[in-house]
Amino acid sequence: MLLKFNKFSVIAFVFLITTACFAQTPTQTLSISGLKENVTVRKDARGIPYIEARSDADLYFAQGFVTASDRLWQMDLYRRVARGQTAELFGKQALEEDKRWRRFGFSQIVEETFRNFPPETRAVLENYARGVNAYIATLNEKTLPVEFQILKYKPTEWVTTDSLVVGEIINDGLSTTWQADVLRASFAPLPKEKYQQLFMEKTPLDVLVIGQDAPNIKAVSQSPEIEDALLDFALKDAEIRKSSLERIGFYQEFNAASNNWVVSGKRTADGKPILANDPHLPGNAPSVWYLVNLSTASSRVSGVTFPGIPGVVLGHNENIAWGATNLGPDVQDIYVETFNEKGQFKTASGWQDAKTRREEIKVRKNVLSPETETENLIVLETKNGVIISEQSGKKYALKWTARDPKNDSFTAFLLLDRARNWNEFRAALKTYGGATQNFVYADVKGNIGYYGAGRIPIRRKGDGSIPYNGATTDGDWTSFIPFEELPQSYNPPEGIIVTANQRVVGDSYKYFLTHNWSAPFRARRIYDRLAANKKLTVNDMRDIQFDTFSLAHSRFARDVVNLNAASAETLKLLAGWDGKMNANSQAALLANEMRAVFRNKVLNGNSIKDKPGSDAGFLDWVIAEKPKNWLPKEFNSYKDLLFISDTEARANLAKKYGANQSDWLYGKAFQIRFPHPLAAAPLIGGLFAIEAFPLNGNALSPNVGASVSMRHITVPGNWDATRHGIALGESGDPKSPHWKDQLENWKSGETQIFPFSKAAVEKAATEVILLKP
């Protein structure tokens, strides 16, 4: 039966695409205005769409249509966040978040980016937008996704630059560095020796990908003191950023996110390379990723993308596979600007007029009513960047790679989707201007590789760790690290490449990247497990992705036992512990609590409230080396400190969970949640609620628990055995069978097969939808 797709037939459409499978491959035919030729959409048991078209135009049109049918409200929320339009939905509680985004000016920046694209790139975005709008046109008040109905508004037309502005959320989530620089500078009053130790960047556990380290400990540059007003603003802005990104599942503390690795065939059982990737973003409903398979007569690509972005971001095609983790270089600088009474700012060559931009922000008066009022925001911009704050009469400008329209993060993924070899992989990444990533690579010819790709600035003076005087040229970005000199590796002799946000370059690398690396524990654990096995299989990769062993906590427990520095009960528990942060473990909870008490006593005993960035490496050094200068004055030895840490940890646990120690379970203390932006809303929030369950893993184990946003394992050339899954499901509709149907596999670590070839896709299909012009 041929259905005309219009707003009056959407109920029939929904019935047809969601009806239960009553034959092996039932087929529906839908007529959609905007297509040029027929498009076939197959869906498997997980509701994953496999879209087959004869042209790119129809392919991306259909991808926009199908993605919107699953995730329209999420897509709308993403674009609203990046454009600073969430107060129109959530009222004044979101106003400061909107102001922060409006200052960045991403709505204007992506327009310029789009204009600079070649026609074929613009066409991808245009066709995707047409597909999204074709789906929106089918909706009426009763068939709108439930979030629109609850909040009493309708989606506006999807425009081409909406897909680009969604990418700016990723930039904010993964490349915000200035706050850490300011917080770090606040520790300038520390004695030099303590400063060096607190912020040490090299550890014996480091897993380098590029270069070597010098035998001596590299001194860490100590920042001068920072003004209290700027520090206060940095803390406030960090909270606003956190609130905004948490709502949509993109907040990751210290920009640390993800594991990936690739091993060559000489280390595998079947002689073929294996690539694995599990990006870490906070648990959220719906999932931040969307699985899709896209094919035309000349190409086929499979993997995940962000709802609202065409193509595939991470995955594989017929020739290569790739994955990514955050590298996290310093790509933001702060400038103290001098303004005169005319509103001009001072430069090395004289006074200049600041650019002025007026932003009108709609603010909902009542969450239950769409009626709004308007708040005006005046934004100033100097040659250095946008003014993000005025504190104590001083204006502070932010320069950021993400605010350069030439730094496009979209084109590279379109090119990756069709890259056939290492040279084309490199050529694709040469266009990449988004948040700098550790890209790993494997191909069907057995090659493996790594590239740290992105735009990383070279400063005239310094490294951007402290604010520059905007009236001078000291903070000018003279250039970027040349693409050919970015960190890279191709077929390394050891046959292993691992990145987990750790320090990937040694002292021999000539360019500055960052002072804020993640602790090396995840990377070290992954590397050691890979290196110990020369017959690696896909199942080994699965086990590593699900590994809950915390090297940091295990080393802490071992030192406590070796020092005999705890009660007999604690010593017995820790001595028999396997180091795994499992939900049913008493030792994991006790070790975690004891380590936290120990940490607080060391820092507080040295008049330090908190440390910016991860302090796991510093704590590991303290417990291993037991330096006298860090031992709090009230203790005679570290053994005494650990005894007290044990006593207080036990008291804390008894207070929280009762005197019965059998109730002291790690999974009782730490739960996994997948919040929806409306889950906390009275009366209707329960519709989106996903019941919390015990956590396995933590931030320092390869399996980081709730933040594992997807898992991908693939063997080039054996694509139909690829395992790829997300945390919840393909659908954003809480009533859909695909709202959370992948959750049980995610919890068990048994990532499901994601078929690739046409034959495998046809076999896996549980329904087939023919889209006709």
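Residues numbered from 1 in each chain as written. Predicted model: local features only at pLDDT ≥ 70, side-chain atom pairs only at ≥ 80, totals over all residues. Heavy atoms only, no water.

A. Representation of the packing of aromatic side chains. In the structure shown here, the tally under the stated rule is 38 aromatic pairs. With centroids separated by 5.1 Å and ring planes inclined at 75°, the aromatic side chains of Phe104 and Trp400 adopt a geometry described as edge-to-face. Of this pair, Phe104 sits in helix α4 (residues 95-104) while Trp400 is found in strand β17 (residues 394-400), placing the two residues 296 residues apart along the sequence. Judged by its relative accessible area of 5%, Phe104 is buried. Ring geometry for Trp422 against Tyr441: centres 5.1 Å apart, planes inclined by 70°, an arrangement best described as edge-to-face. With Trp422 in helix α13 (residues 422-430) and Tyr441 in strand β18 (residues 437-443), the pair connects residues that are 19 residues apart, well separated along the chain. Following the ring pairs from residue to residue traces out a cluster consisting of Trp422, Phe425, Tyr441, Tyr451, Phe483 and Tyr490. The positively charged end of Arg100 is found above the aromatic ring belonging to Trp101, 5.8 Å away from the centroid. Seen from the ring of Phe339, Lys395 lies directly overhead, with NZ or CZ sitting 4.9 Å from the centre. (Phe/Tyr/Trp six-rings, centres within 6.5 Å; stacked < 30°, edge-to-face > 60°. Helix = DSSP H or I, 4+ residues; strand = E, 2+ residues; numbered from the N terminus. Buried < 20%, exposed > 50% of the residue type's maximum accessible area, 1.4 Å probe, protein only. Lys NZ or Arg CZ within 6 Å of the ring centre and 35° of its normal.)

B. View of the environment of Gln28. Tracing the sequence through the fold places Gln28 in strand β2 (residues 27-31). Once the C-alpha coordinates of Gln28 and Val41 are considered, the two residues, 13 residues apart in sequence, prove to be 9.9 Å apart.

C. How the structure looks around the sheet that holds strand β24 (residues 496-499). With antiparallel pairing, 5 strands are arranged side by side in an open sheet as β24-β5-β6-β27-β28. With one partner strand each, in any of the chains shown, β24 and β28 (723-726) form the two edges of the open sheet. In this sheet, adjacent strand axes meet at a mean angle of 5° when their direction is disregarded. Packed onto the sheet, helix α14 (residues 521-531) meets β5 (259-263) and β24 and runs at close to 160° relative to β24. Sheet strands in contact with helix α15 (residues 538-545) are β5, β6 (274-278), β27 (710-714) and β28, and its direction is about 160° off that of β27. (Pairing = 2+ DSSP bridges. Axes fitted to C-alpha atoms, helices over the stretch in contact; angles between N-to-C directions. Contact = heavy atoms within 4.5 Å.)

D. Seen up close, unusual backbone geometry. Omega for the peptide link from Ala285 to Pro286 comes to -5°, which places this bond in the cis form. Looking at where Pro286 falls in the secondary structure, it is placed in the loop between β6 and β7 (290-295). The backbone phi angle of Lys152 is positive, close to 60°, even though this residue is not glycine. Here Lys152 shows up in the loop between α7 (146-151) and α8 (160-175). Located in the positive-phi region is Ser392, a residue other than glycine, with phi close to 55°. Relative to the helices and strands, Ser392 is located in the loop between β16 (386-391) and β17. A relative accessible area of 65% means that Ser392 is categorised as exposed.

E. View of the confidence of the model for the protein chain. Looking at the protein chain as a whole, the pLDDT averages 93, with 95% of positions reaching at least 70. Note on residues 1-24: pLDDT under 50 across the span, and 41 contacts to partners over four residues away in sequence or across chains. (pLDDT = per-residue confidence, 0-100.)

F. Structural context of the pairing of strand β29 (residues 767-772). In this structure, β2 lies alongside β29, joined through 5 bridges in parallel fashion. What sits directly across from Ser31, in β29, is Lys772. Sheet topology note: the strand β3 (residues 39-43)/β29 ladder contains 5 bridges and is antiparallel. Considered in β29, the bridge of Val39 is made with Leu771.

G. Highlighting the packing of α14 against α15. As a packed pair, α14 and α15 sit with axes 11 Å apart at the nearest point and diverge in direction by 155°. Considered as vectors, α14 and α15 are oriented roughly antiparallel to each other. Crossing geometry of α14 relative to α15 is assigned as right-handed. Contacts between α14 and α15 involve Ile526, Arg529 and Leu530 on the former and, on the latter, Met541, Asp543 and Ile544. Residue composition of the contact of α14 with α15, by class: 4 nonpolar, no polar and 2 charged. (Parallel < 35°, antiparallel > 145°, perpendicular 65-115°, else oblique. Left-handed = near helix turned anticlockwise from the far one by under 90°. Nonpolar A, V, L, I, M, F, W, Y, C, P; charged D, E, K, R; others polar.)

H. View of the environment of Gln74. Summarising the element assignment, Gln74 is placed in helix α2 (residues 56-83). Sequence separation of Gln74 and Ala134 is 60 residues, and the distance between their C-alpha atoms is 17 Å. Every residue in contact with Gln74, bar those within four places of it in the chain, is listed here: Pro286, Ser287, Val288 and Pro307. A distance of 3.0 Å separates a polar atom in the side chain of Gln74 from the backbone oxygen of Ser287. (Polar contact = N/O pair within 3.5 Å; in protein donor to acceptor, adjacent residues only side chain to side chain.)

I. The side chain of Arg247, seen in detail. As for its placement among the helices and strands, Arg247 is situated in helix α11 (residues 228-248). The class of Arg247 is buried, set by a relative accessible area of 15%. Setting aside its immediate chain neighbours within four residues, Arg247 contacts Phe90, Ala94, Glu97, Asn284 and Pro677.

J. Structural view of the pattern of salt bridges. Taken as a whole, this structure holds 50 salt bridges when the rule is applied. Taking the shortest distance from any N to any O, the salt bridge between Asp162 and Arg79 comes out at 2.7 Å. Separated by 83 residues along the polypeptide, Asp162 in helix α8 and Arg79 in helix α2 bring together distant segments of the chain. Here Asp162 matches Arg79 in class, with each residue buried. Asp559 is the salt-bridge partner of Arg558, the closest N and O atoms lying 3.9 Å from each other. Salt bridges linked by common partners bring Asp76, Arg79, Arg80, Arg83, Glu88 and Asp162 together as one network. (Salt bridge = Lys/Arg side-chain N within 4 Å of Asp/Glu carboxyl O.)

K. Spatial organisation of the nonpolar core. Residues Phe250 and Phe425 are the most contacted members of the largest nonpolar core, which totals 144 residues. At 14 residues, α2 tops the list of elements feeding residues into this core. Apart from residues lying up to four places away in sequence, Phe425 is in contact with Ile320, Trp322, Leu416, Ala419, Phe439, Val440, Tyr441 and Tyr451. Among the nonpolar cores identified, the runner-up in size contains 55 residues, and Ala591, Trp621, Tyr657 and Ile690 belong to it. (Core = buried A, V, L, I, M, F, W, Y, C linked by side-chain atoms within 4.5 Å.)

L. The packing of helix α6 (residues 119-136) against α8, seen in detail. Interaxial distance between α6 and α8 falls to 7 Å at its minimum, and their mutual angle equals 105°. When the axis of α6 is compared with that of α8, the two are roughly perpendicular. Packed against α6, whose contacting residues are Leu125, Glu126, Tyr128 and Ala129, the element α8 presents Thr160, Ser163 and Leu164 at the interface. Here the residues of the contact of α6 with α8 are counted per class, giving 4 nonpolar, 2 polar and 1 charged.

M. Structural view of α15. Inspection of α15 places Val538, Met541, Arg542, Ile544 and Gln545 among the buried residues, and these make up the whole buried set. Across the axial projection of α15, the buried residues extend over an arc of 165°, all falling on one side. Of the surrounding elements, those touching the buried residues of α15 are β5, β6, α14, β27 and β28. (Arc of directions from axis to C-beta.)

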